[in-house]
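# Coordinates in review
One-letter residues, chain by chain:
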Amino acid sequence: MPNLSNAPLPALEAVKDQAKRLRAHLGREGETITHSRALELIAAQYGFRDWNTLHARIGNRPPLNPWLLGSRVSGTYLGHAFNAEIISVKAFSNKPGHYRLTLKFDDAVDVVTFDSFSAFRRRINCTVDETGRSPAKTSDGRPHVELAW
């Protein structure tokens, strides 16, 4: 398993979802584990001694407040870690709790996974919900954007 101890912490729902995916993957490989064991393994990946410590760290964060232009956020975009500034915000009137953000990355993010090709982005537009996760997902079910704040 990869070490995520330097990665920004995603929303609590995202971490629980990671544990569910880990448990399902291991089940397909013939290794059955409990959900609580999957949570403990995910906590260890983020560098915490146990699930309760990780849960407390994530759960004590203030809710996402994307209304503040110039706010600093970190997170992942297509699985790549980033630090960014919020340079534009729009709330959706037809989707309460959803926001259209424009993020300006501190360092360009390579959004291609091929070794022989790169495509760097310095700025993206994304839609996120109140948990800081985008409803759009990659083919493996991971949100395009996961904000940590």
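A brief structural summary. (Residues numbered from 1 in each chain as written. Predicted model: local features only at pLDDT ≥ 70, side-chain atom pairs only at ≥ 80, totals over all residues. Heavy atoms only, no water.)

## Section: the overall build of the protein
Looking only at helices and strands, one finds three helices and five strands in the protein. The order of α-helices and β-strands along the protein, N terminus first, is α-α-α-β-β-β-β-β. Looking at the protein as a whole, 38% of its 149 residues are labelled buried. Intrachain contacts of the protein at a sequence separation of at least 6 include 46% that bridge at least 24 residues. (Helix = DSSP H or I, 4+ residues; strand = E, 2+ residues; numbered from the N terminus. Buried < 20%, exposed > 50% of the residue type's maximum accessible area, 1.4 Å probe, protein only. Contact = heavy atoms within 4.5 Å.)

## Digging into unusual backbone geometry
The phi torsion at Leu 78 lies on the positive side, around 50°, for a residue other than glycine. Looking at the secondary structure, you find Leu 78 in the loop between strand S1 (72-77) and strand S2 (80-91).

## Some remarks on the sheet that holds S2
Taken together, five strands build an open sheet; the order of strands is S4-S3-S2-S1-S5 and the sheet is antiparallel. Each edge of the sheet is formed by a strand with only one pairing partner; in this case those strands are strand S4 (120-128) and strand S5 (145-148). Along the sheet, successive strands turn relative to each other by an average axial angle of 40°, direction set aside. (Pairing = 2+ DSSP bridges. Axes fitted to C-alpha atoms, helices over the stretch in contact; angles between N-to-C directions.)

## Quick notes on the side chain of Thr 102
On the secondary structure map, Thr 102 appears in strand S3 (residues 99-110). The exposure class assigned to Thr 102 is buried, which follows from its relative accessible area of 11%. A distance of 2.6 Å separates a polar atom in the side chain of Thr 102 from a polar atom in the side chain of Asn 125. Dropping the residues within four chain positions of it, Thr 102 is found in contact with Glu 85, Ile 86, Ile 87, Ser 88, Arg 123, Ile 124 and Asn 125. (Polar contact = N/O pair within 3.5 Å; in protein donor to acceptor, adjacent residues only side chain to side chain.)

## Remarks on the pattern of salt bridges
If you walk through the whole model with that rule in mind, you get five salt bridges. With a shortest N-O distance of 3.3 Å, Arg 142 and Glu 146 are connected by a salt bridge. Counted as one network, the salt bridges with shared partners bring together Asp 17, Arg 21 and Arg 133. (Salt bridge = Lys/Arg side-chain N within 4 Å of Asp/Glu carboxyl O.)

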